[in-house]
Amino acid sequence: MAKLKSFTIIELMMSLLISSIVISISYYAIVFFNIQFNHYKNKSATINSFLLFKKAMQNDFDKSGFIIDSPGSDIMLFDVSKNKKISEYSFRQQYIVRNNISGTDTFNLKNNVHEIEYVSDSLRIVKALHLIISLDSTDIEPVFIKSYTSQELIFAEKTNNE
């Protein structure tokens, strides 16, 4: 009678045990990397939103003739030559909304505090805007400064008094 070559039940059980350990480790690694990737993706989206906001705000500050702070934590940017509103920013705790001629933009940024410096106490014309924006656990403090010509200030004062 010829002897058959085969695996014993113990050898089969050991191979099943080793393969299940390898599969569980690789599953844990996939889950771990997926969590890390989602965290990185969310952080990247927040930073991208901040950079877009900073660029839009700086661009609007540079293009505007004068900037007026209105009640309700809104800041309006005006064009001197056409005497019309270019943009309006609304600051809320969880987001910042920008309304302008081309549409509405919402920046999902945690806006903790904003402080406004005025040209003079009698006018609500903004000279500088200080923000504290939270990106995850880091606070970033961008400052936007507007320099005025005398013509822009005279026009803004006339518009503000009307």
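Residues numbered from 1 in each chain as written. Predicted model: local features only at pLDDT ≥ 70, side-chain atom pairs only at ≥ 80, totals over all residues. Heavy atoms only, no water.

**What to know about the nonpolar core**
By size, the foremost hydrophobic cluster in this structure holds 26 residues, and its most contacted members are Phe53, Phe91 and Leu129. Sorting the residues of this core by element identifies helix H1 (9-63), strand E1 (66-70), strand E2 (74-79), strand E3 (84-91) and strand E7 (126-135) as the ones contributing at least two each. Setting aside residues no more than four positions away along its own chain, phenylalanine 53 makes contact with Tyr89, Phe91, Ile96, Phe107, Leu109, Leu131, Ile133 and Phe144. (Core = buried A, V, L, I, M, F, W, Y, C linked by side-chain atoms within 4.5 Å. Buried < 20%, exposed > 50% of the residue type's maximum accessible area, 1.4 Å probe, protein only. Helix = DSSP H or I, 4+ residues; strand = E, 2+ residues; numbered from the N terminus. Contact = heavy atoms within 4.5 Å.)

**As for unusual backbone geometry**
Backbone geometry places aspartate 136, a non-glycine residue, at a positive phi of 55°. Mapped onto the secondary structure, aspartate 136 falls in the loop between E7 and strand E8 (138-140). By relative accessible area, aspartate 136 is classed as partly exposed at 49%.

**Quick look at the packing of aromatic side chains**
Within the structure shown, the criterion is met by seven aromatic pairs. Centre to centre, the rings of phenylalanine 53 and tyrosine 89 are 6.3 Å apart; their planes meet at 80°, and the pair counts as edge-to-face. One end of the pair, phenylalanine 53, is in helix H1; the other, tyrosine 89, is in strand E3, and 36 residues separate them in sequence. Taken individually, phenylalanine 53 and tyrosine 89 each receive the classification buried, so the pair is uniform in this respect. Taking 6.0 Å as the distance between ring centres and 85° as the angle between the ring planes, the aromatic pair formed by phenylalanine 53 and phenylalanine 144 counts as edge-to-face. Linking phenylalanine 53 in helix H1 with phenylalanine 144 in strand E9 (residues 143-145), this pair joins segments that are 91 residues apart in sequence. Residue phenylalanine 53 is classed as buried on the basis of its relative accessible area of 0%. (Phe/Tyr/Trp six-rings, centres within 6.5 Å; stacked < 30°, edge-to-face > 60°.)

**Quick look at the environment of isoleucine 96**
When you line up the elements, isoleucine 96 lands in strand E4 (residues 96-100). Under the relative-accessibility criterion, isoleucine 96 is labelled buried at 0%. Residues in contact with isoleucine 96, not counting those within four places in the same chain, are Phe53, Tyr89, Ser90, Phe91, Asp105, Thr106, Phe107, Leu109, Asn111 and Ile133.

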